[in-house]
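# Inside the fold
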Amino acid sequence: MERLKHHLTEEGKEILEVIAEIQEKLEEARQQFDQATDDTLIDCYIYEMNALYKKYEYFLKIAKQLGLIAVGYEKIG
């Protein structure tokens with residue numbers, strides 16, 4: 001049986017890179033949130049995480065429209 005190979009376009013690679021960057025930023029924001037004790041900082045991290053979630057969902061939608069499939073990229077929130 002012949003295996004089909006799918007080559008990512010440059011746009012697809014860039015989108016997956018952006019998604020990975022967002023995941024890293026989300027993890028950093030979660031860690032900072034977990035360590036924050038000041039109410040103002042806690043609010044800042046909540047807003048930051050919400051903004052990053054929206055960005056993440058947007059780029060996942062674009063990736064889906066392009067037909068990109070990657071293990072570990074799923075809707076969160």
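Our structure is the block above this text.
Per chain, residue numbering runs from 1 following the sequence as it is written. Note on the predicted model: pLDDT of at least 70 is required for a residue's local features to be given, and 80 or more for side-chain atom pairs to be given and counted; whole-chain, interface and lining totals, by contrast, use all residues. For the side-chain quantities, the full set of heavy atoms in the structure was used; hydrogens and water were omitted.

### Overview of helix α1 (residues 10–35)
Structurally, the α-helix is built with 3.6 residues per turn, so residues lying three or four positions apart point the same way. Strands here are runs of E lasting at least two residues and helices are runs of H or I lasting at least four, both read from the DSSP assignment and numbered beginning at the N terminus. To estimate the expected span of a helix, subtract one from its residue number and multiply by 1.5 Å. Across its 26 residues, α1 extends 38 Å between first and last C-alpha, which sits within 8% of the 38 Å expected from 1.5 Å per residue. For this analysis, residues touch if any pair of their heavy atoms sits within 4.5 Å. Next to the buried residues of α1 lie α2 (39–65).

### Quick notes on the nonpolar core
Only buried residues count toward a nonpolar core. Its members are Ala, Val, Leu, Ile, Met, Phe, Trp, Tyr and Cys residues joined through side-chain atoms within 4.5 Å. The buried label goes to any residue with under 20% of its type's maximum accessible area, the exposed label to any with over 50%, and the partly exposed label to all in between, with areas taken from a 1.4 Å probe on protein chains only. Counting residues in hydrophobic clusters, the biggest one holds 14 residues, and the most contacted among them are I15, I19 and I22. Elements with a contribution of two residues or more to this core: α1 and α2. The dominant element in this core, judged by the number of residues it contributes, is α2, at seven residues. Apart from the residues within four sequence positions on either side, I22 is in contact with L52, K55, Y56 and F59.

### Overview of the pattern of salt bridges
The salt bridge criterion pairs a side-chain nitrogen of Lys or Arg with a carboxyl oxygen of Asp or Glu, the two atoms within 4 Å. Scanning the entire structure with this criterion turns up one salt bridge. As a salt-bridge pair, R30 and E27 come within 3.4 Å of each other at their nearest N and O atoms. Taken together, the residues span about one helical turn, with R30 and E27 both in helix α1 at a distance of three residues. Residue class for E27 comes out partly exposed when judged on its relative accessible area of 36%.

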